[in-house]
Amino acid sequence: MCIRDRYQRRVRGRKRKMAERLARIYGTEQDRVNCPFYAKMGACRHGDRCSRLHHKPSFSPTMLLQNMYQNPKAQGAEMLNIDEGLLQAHFEEFYEDVHQELSEFGLIEEMHTVDNIGDHMVGNVYVMFDDEEGCAKALTALNGRFYAGRPIMAEFSPVTDFHEARCRQYDEAVCNRGGHCNFMHIKPLSRALRKKLNCNRSGGKADEDEGRGRGGGRSRSPRRDSFRGQDRDRRDDRGRDSRRDRDDDRGRDSRRDRDRDDRDSRRDRDSRRDRDERRDRDEGRDRRDEPPRDERPRDDGPPPPGPPPGGEPPPPRY
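Residues numbered from 1 in each chain as written. Predicted model: local features only at pLDDT ≥ 70, side-chain atom pairs only at ≥ 80, totals over all residues. Heavy atoms only, no water.

### Side note on a positive patch on the surface
Short version of the rule: Patches here are clusters of residues that have more than 30% relative accessible area and form no salt bridge, with a 9 Å joining cutoff for like charges and a 5 Å cutoff for nonpolar side chains (Val, Leu, Ile, Met, Phe, Trp, Tyr). Only the protein chains shown count as cover for residues, and all accessible areas are computed by the Shrake-Rupley method using a 1.4 Å probe. We define a salt bridge as a side-chain nitrogen of Lys or Arg found within 4 Å of a carboxyl oxygen belonging to Asp or Glu. His is not counted, nor are the chain ends; Lys and Arg add positive charge and Asp and Glu add negative charge. Lysine's charge is taken at NZ, arginine's at CZ, aspartate's at CG and glutamate's at CD. Helix and strand assignments follow DSSP, with helices taken as H or I runs no shorter than four residues and strands as E runs no shorter than two, numbered in order from the N terminus. Each residue gets one of three labels from its accessible area relative to the maximum for its type: buried under 20%, exposed over 50%, partly exposed in between, using a 1.4 Å probe on protein chains only.
A cluster of basic residues, Arg 263, Arg 266, Arg 269, Arg 272, Arg 275, Arg 278 and Arg 281, forms a positive patch on the protein surface. The topology assignment puts Arg 269 in helix H10 (residues 222-289). A relative accessible area of 40% places Arg 269 in the partly exposed class.

This is the structure:
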């Protein structure tokens, strides 16, 4: 291989690594070229003055209707202390009107209206269709139309995952940024509105079981159904494996307990045998050390008097 071929291979490898790194960090804080907020929410507070790039898609299943909902909170409703029930009725009337109009162009998978009052997000409506064709037809039909005396500004949006774009603290009612938060404050739908539109909590088409039941949940699509089926199979396999592992552990523990009991019983039996053997050995030693009964000295009384020391024995007496 010549030097030129090695150089070209090295250059191709560097380009491939650079492309993989850019694809991995796209839309994150590490991306110094593309705006992460626009990639997540389709809107940026800096607008055209942002130092990072805003890539507007030319084809997408999600459509953004900019400033379409006239939020009373942005017009001073909180200062006027307007009843929350009236505000919710105003929003539901708007939502029902837009949802019924856009459902004629295709199956709506999700439709959200944000409650933010920032200039770049106030009144934004996000509509995600089941496919790109329905979104394109709706976008073409809405261009040049008016709603409530205001022109409709519709465009494709890069947002496809609202779970990453929504503010979780707002869902838990603990967001301290209020309406100026940079993440989506999605307005909830009442149960009566969901039942009337036959939709779920995300604004998508509800299933028959969900309509008869709670009337909420995520929208259904064949792709999502396949993912749910795979997740269900994976959970079943995981549960089966966990039960098998639990049974194996239980059997292993029972065998371990039986083995421990057997070892303890053998240890006790061996200790008793050793104790008996030592006792028998000690008794045998004591028996060997004791002299025989016939060889023991007899006690027949005091010995007879002998001759005095150093003299002859006295003569016998008659």
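From this point on, the discussion continues.
### A look at the pattern of salt bridges
One pass over the structure, following the stated rule, counts eight salt bridges. Linking Asp 276 and Arg 279 is a salt bridge whose minimum nitrogen-to-oxygen distance equals 2.8 Å. Of this pair, Asp 276 and Arg 279 both sit in helix H10, three residues apart, roughly one helical turn. Within this structure, Lys 73, Asp 115 and Lys 187 form a network of salt bridges that share partners.

### Notes on the nonpolar core
We apply this condition: Remark: nonpolar core denotes a set of buried residues (Ala, Val, Leu, Ile, Met, Phe, Trp, Tyr, Cys) joined through side-chain atoms within 4.5 Å. Should any heavy atoms of two residues lie within 4.5 Å, those residues are considered in contact.
Met 63, Leu 65, Leu 102, Val 125, Val 127 and Phe 129 are the most contacted members of the largest nonpolar core, which totals 27 residues. Of all elements in the fold, only strand E1 (62-66), helix H4 (84-102), strand E2 (108-113), strand E3 (125-129), helix H5 (132-142), strand E6 (153-156) and helix H8 (191-197) reach the threshold of two or more residues within this core. Once residues within four sequence positions are removed from consideration, Val 125 is found in contact with Met 63, Leu 64, Leu 65, Met 68, Tyr 69, Phe 94, Met 111, His 112 and Thr 113.

### Re H5
What H5 keeps buried is the set Gly 134, Cys 135, Ala 136, Ala 138, Leu 139 and Leu 142. Contacts made by the buried residues of H5 are with E1, H4, E3 and E6. Looking one or two residues beyond H5, the residue adopting positive phi is Gly 144, at roughly 90°.

### Describing a negative patch on the surface
Taken together, the side chains of Asp 130, Asp 131, Glu 132 and Glu 133 present a region of like negative charge at the surface. Inspection of the secondary structure assignment puts Glu 133 in helix H5. Among the residues examined, Glu 133 registers a relative accessible area of 47% and is labelled partly exposed.

### Focus: the sheet that holds E2
What counts, and what does not: The rule for pairing is simple: two strands pair if DSSP sees at least two bridges between them. Whenever a helix is involved, its axis is fitted only over the stretch in contact; in every case the axis is a line through C-alpha atoms, and angles between N-to-C directions fall within 0 to 180 degrees.
Read from one edge of the open sheet, four strands run E2-E3-E1-E6, paired in antiparallel fashion. Each having just a single partner strand, E2 and E6 make up the two edges of the open sheet. Between one strand axis and the next, the sheet turns through 20° on average, direction left out of account. Contacts from H4 reach E1, E2 and E3, with the element oriented near 150° to E2. Taken strand by strand, H5 contacts E1, E3 and E6, and its axis lies near 25° from that of E1.

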